[in-house]
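# Report on the structure
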Amino acid sequence: MSPRREREPYFTPRLFQFLTELKANNTRPWFDDNRERYERDVKEPMVRFIADFGPRLKTVSPQFRADPRPVGGSMFRIHRDIRFSKDKSPYKTNVGAHFPHLRSGRDAHAPGFYLHLASGQSFGAGGLWHPDAPALTRIRDQIASRAKGWEAVRRRGIPIQGDALKRVPSTYDQDHPFAEDLKRKDFYTTREFREREVCSPDFMDLFLESCRTAAPLVKFLTKTLGLSW
């Protein structure tokens, strides 16, 4: 019998080295000179990760997708949108992938899961970031009127993050048991990863675990917005 082959990591320290150097040299000439490194050490590993993560994501919910297309898929573009920004740096200094609901298109403001890799700041996330006003109202209404469903989420001890108002909106009971949650403008949770974890052969398992941890929150948001889980 041949010896069992150990799993190879998807990501290596070269990914973080490239992003660190890009942060210090965020110009088109530098990027063009190092494009081969970007393709080899950043883009191709992320595309492989997304492709292999697809079947694993289905074990959390079959309604979310991992699209490995290098353009138009789950992986975000490295190019920044600088049209309305004072910062004209042309490139992002992180690599990210979004795993949205099948019915949400590429809307980054819909329930889903997210992977963010950057030097000194890597994390997995699940939930809803900056929902539009109608979606936010539906979520708040659901929390206010059917508190038991939200209580089941809160009992999981999921640390919910994001922006919040200073006061409960006037349309809700100011003394509601979940008054602090009615102030929220975002509903997401994150898990940070160290670089050695990202570069580990077990990283997909760690990211999948973070998605499972976030799943009760994502499920609540998904169903509240009329999407299937």
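Residues numbered from 1 in each chain as written. Predicted model: local features only at pLDDT ≥ 70, side-chain atom pairs only at ≥ 80, totals over all residues. Heavy atoms only, no water.

## Examining the packing of helix H3 (residues 35-57) against helix H8 (residues 203-224)
Relative to each other, H3 and H8 sit at 50 degrees, their axes nearing to 11 Å. Taken together, the axis directions place H3 and H8 in an arrangement best described as oblique. For the crossing formed where H3 meets H8, the hand is right-handed. In this structure, H3 contributes Phe49, Asp52, Phe53 and Arg56 to the contact, and H8 contributes Phe203, Met204, Asp205, Phe207, Leu208 and Cys211. Considered class by class, the residues forming the contact of H3 with H8 number 7 nonpolar, no polar and 3 charged. (Axes fitted to C-alpha atoms, helices over the stretch in contact; angles between N-to-C directions. Helix = DSSP H or I, 4+ residues; strand = E, 2+ residues; numbered from the N terminus. Parallel < 35°, antiparallel > 145°, perpendicular 65-115°, else oblique. Left-handed = near helix turned anticlockwise from the far one by under 90°. Contact = heavy atoms within 4.5 Å. Nonpolar A, V, L, I, M, F, W, Y, C, P; charged D, E, K, R; others polar.)

## A closer look at the state of the cysteines
Overall, the coordinates contain 0 disulfides when judged by the stated rule. Unpaired in terms of disulfides, cysteine 199 finds its nearest cysteine sulfur in cysteine 211, a separation of 19 Å. The class for cysteine 199 is buried, based on a relative accessible area of 17%. (Disulfide = S-S within 2.5 Å. Buried < 20%, exposed > 50% of the residue type's maximum accessible area, 1.4 Å probe, protein only.)

## Examining the packing of helix H5 (residues 147-154) against H8
At a minimum axis distance of 9 Å, the contact between H5 and H8 shows a crossing angle of 160 degrees. Relative to H8, the element H5 is oriented roughly antiparallel. Along this stretch, H5 crosses H8, giving a crossing that reads as left-handed. Along its contact with H5, which presents Gly149, Trp150 and Val153, the element H8 presents Pro216, Leu217 and Phe220. Here the residues of the contact of H5 with H8 are counted per class, giving 5 nonpolar, 1 polar and no charged.

## Section: the sheet that holds strand E2 (residues 112-117)
The strands that make up a sheet are held in pairs by hydrogen bonds between backbone atoms, and each pair lies either parallel or antiparallel. Spatial ordering of the open sheet is given by E1-E2-E3-E4, a layout of 4 strands whose pairing is antiparallel. Only two strands of the sheet have a single neighbouring strand rather than two, namely strand E1 (95-100) and strand E4 (187-193). Sheet twist, expressed as the mean angle between neighbouring strand axes with direction ignored, is 15 degrees. Relative to E4, strand E3 (residues 122-128) runs antiparallel, the two sharing 7 bridges. Bridge pairing in E4 places leucine 128 opposite phenylalanine 187. With respect to the sheet, H3 is in contact with E1 and E2, its orientation differing from that of E1 by roughly 25 degrees. (Pairing = 2+ DSSP bridges.)

## A short note on the environment of tyrosine 188
Its location among the elements puts tyrosine 188 in strand E4. Distance in space between the C-alpha atoms of tyrosine 188 and glycine 162 is 6.7 Å, their sequence separation being 26 residues. Setting aside residues up to four positions removed in sequence, tyrosine 188 forms contacts with Gly126, Gly127, Leu128, Trp129, Pro159, Ile160, Gln161, Gly162 and Leu217.

## What about unusual backbone geometry?
Look at histidine 130: it is not a glycine, yet its phi comes out positive at around 50 degrees. By the element assignment, histidine 130 lies in the loop between E3 and helix H4 (133-145). Since its relative accessible area comes to 33%, histidine 130 is described here as partly exposed.

## Some details on the pattern of salt bridges
In total, this model carries 15 salt bridges according to the counting rule given. A salt bridge links aspartate 205 to arginine 56, with the shortest nitrogen-to-oxygen separation between them at 2.7 Å. Taken as a pair, aspartate 205 in helix H8 and arginine 56 in helix H3 lie far apart in primary sequence, 149 residues in all. Between aspartate 81 and arginine 83 there is a salt bridge, with its nearest N and O atoms 2.7 Å apart. What emerges from the salt-bridge pattern is a single network uniting Arg7, Arg56, Asp202 and Asp205. (Salt bridge = Lys/Arg side-chain N within 4 Å of Asp/Glu carboxyl O.)

## Details of the packing of aromatic side chains
Per the counting criterion, the structure on display carries 21 aromatic pairs. Between the aromatic rings of phenylalanine 99 and phenylalanine 207, the centroid separation amounts to 5.9 Å while the plane-to-plane angle is 45 degrees, which identifies the pairing as tilted. Residue phenylalanine 99 is found in strand E1, and its partner phenylalanine 207 is found in helix H8; the two are separated by 108 residues along the sequence. Like phenylalanine 99, the residue phenylalanine 207 is buried in the burial classification. Members of the aromatic cluster, each reached through a chain of ring pairs, are Tyr10, Phe11, Phe49, Phe53, Phe99, Phe193, Phe203 and Phe207. (Phe/Tyr/Trp six-rings, centres within 6.5 Å; stacked < 30°, edge-to-face > 60°.)

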